[in-house]
Amino acid sequence: MGLMRSVLLSASQSTWLREHAMKWPFVRRATRRFMPGESLDDALAATRELERENITTILTHLGENLTRVEEASVVAEHYLNAQERLRETGLRSEMSVKLTQLGLDQSADVAAANLERIAVSAAGIGRRVWVDMEGSAYTERTLELFRRVRARHANVGIAVQAYLRRTAGDLEPLIALGAAIRLVKGAYDEPARLAFRDRREVNESYLRLGRRMLSAEARAAGVFAAFGTHDHVLIEALATLADEAGLARGAYEFEMLYGIRRELQSRLAREGRRVRVLISYGEAWFPWYMRRLAEKPANVWFVMRNALGGG
Ligand SMILES: Cc1cc2nc3c(=O)[nH]c(=O)nc-3n(C[C@H](O)[C@H](O)[C@H](O)COP(=O)(O)OP(=O)(O)OC[C@H]3O[C@@H](n4cnc5c(N)ncnc54)[C@H](O)[C@@H]3O)c2cc1C
């Protein structure tokens, strides 16, 4: 399976595959498991379906690395337009953005200005905007820029990664600020110097940080806790903790990726818990999709079954 993971990760960087794969019908069919489609309309249609079950969504537009700062305003415009569509349709989705997509590599000021525009438009429809946490080269800059924009726009939330050793320290000022915080395990390949590499350690860290986010002190500061994980053990532990602390079920939320642990998403929603599903869409789907397969190589068999059986 180690081999499968490397094959998938190198496939994710193949330009030829990227250009050809979407034309193959079985690839199109198989991708539907994790991605309802390439367009915003596809993401909105999937949101409409999920909202029937009282699950709503977070939308993120997949992009490639930016080479010019002007490309960042095109990304920002896309999110502004998407929020306009939310206003029209009344769907309850929120947006999640990557600061590198908003121009962070080119200019922190441009990225901040783009995030502010999106935050203002989200506030106009009463929504949050989430800032994703990227690889460790960006942690400090992401936190800094978040603090800068959050000082003026309270509807901006941020993701933090439980696998990073520094996160326990980063969390405290975010709690003092009463921020909306999304806790995730972390998706990048980080060195042991910076990150816990052992699964058990990551899970322990997740639970410790999650408990802190649900603490009376965090609640008094106005923290909104979001748990971005499919790990049912952690989800059960945090849900129990929140119930025992007497928290209203809408006072925090569980977030998962579209198509993953579908039955768990539905069960939590039926229990009256707040669930959001993150939908990624966009033309730059291919590298993203290959990384999802690499995360769990068993998914490759799912794709193969689709390819052979047409299901
Ligand atoms: C809403 C949301 C936002 C995120 N934002 C960020 C971010 O800003 N920065 C960042 O670094 N990471 C982000 N992530 C990714 C996160 O860091 C993890 O890489 C990812 O969620 C997998 O970890 P897990 O917590 O689900 O636990 P794991 O221990 O990886 O998985 C637990 C169980 O979930 C199921 N599962 C997990 N992944 C898959 C999959 N691909 N296919 C099928 N089953 C699967 C499996 O049954 C697995 O046993 C986000 C994740 C979510 C859900």
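Scroll up to find the structure this text is about.
Within any chain, residue numbers begin from 1 and follow the written order of that chain's sequence. This being a predicted model, a pLDDT of at least 70 is required before a residue's local features are given, and a value of 80 or more before pairs of side-chain atoms are given or counted; all residues contribute to the totals for chains, interfaces and linings. Note that water and hydrogens are dropped before the side-chain values are worked out from all heavy atoms of the structure.

(A) Region of the structure containing the sheet that holds strand 3 (residues 129–131). Criterion used throughout: strands pair if DSSP finds at least two bridges between them. A run of H or I in DSSP counts as a helix once it spans at least four residues, and a run of E counts as a strand once it spans at least two, with each numbered from the N terminus. Reading around the barrel, the eight strands line up as 1-2-3-4-5-6-7-8 and close back on themselves, with parallel pairing between neighbours. The sheet shows a mean angle of 30° between the axes of neighbouring strands, taken without regard to direction. Summarising the sheet, strand 3 and strand 4 (residues 156–161) pair through three bridges and their orientation is parallel. Residue pairing across strands places Val-131 opposite Ile-158, the latter belonging to strand 4. Against the sheet, helix 6 (residues 108–124) makes contact with strand 2 (94–97), strand 3 and strand 4, and its axis sits at roughly 150° relative to strand 3, the strand it touches most. Axis angles are defined between N-to-C directions and span 0 to 180 degrees, where every axis is a line fitted to C-alpha atoms and, for a helix, only to the segment in contact. Note on definitions: a residue-residue contact is assigned when non-hydrogen atoms from the two residues lie within 4.5 Å.

(B) Quick look at the nonpolar core. Core analysis: the biggest nonpolar cluster contains 72 residues, and Leu-102, Leu-115, Ile-181 and Phe-227 have the highest contact counts within it. At seven residues, helix 5 (residues 70–89) tops the list of elements feeding residues into this core. Once you skip the residues sitting within four places of it in the chain, Leu-102 turns out to touch Leu-66, Ala-72, Val-75, Ala-76, Val-97, Val-110, Ala-111, Asn-114, Leu-115 and Ile-118. Put simply, buried Ala, Val, Leu, Ile, Met, Phe, Trp, Tyr and Cys residues joined by side-chain atoms within 4.5 Å make one nonpolar core. Exposed residues in this analysis have more than 50% of their type's maximum accessible area, buried residues have under 20%, and partly exposed residues fall in between, with area computed by a 1.4 Å probe over protein chains only.

(C) Representation of the environment of Leu-115 within the structure. Mapped onto the elements of the fold, Leu-115 is located in helix 6. In sequence terms Leu-115 and His-78 are 37 residues apart; their C-alpha atoms lie 12 Å from each other. Those residues within four positions of Leu-115 in sequence are excluded, and the remaining contacts are Val-97, Leu-99, Leu-102, Val-129, Val-131, Leu-145, Val-149 and Val-156.

Structural measurements only, silent on function.
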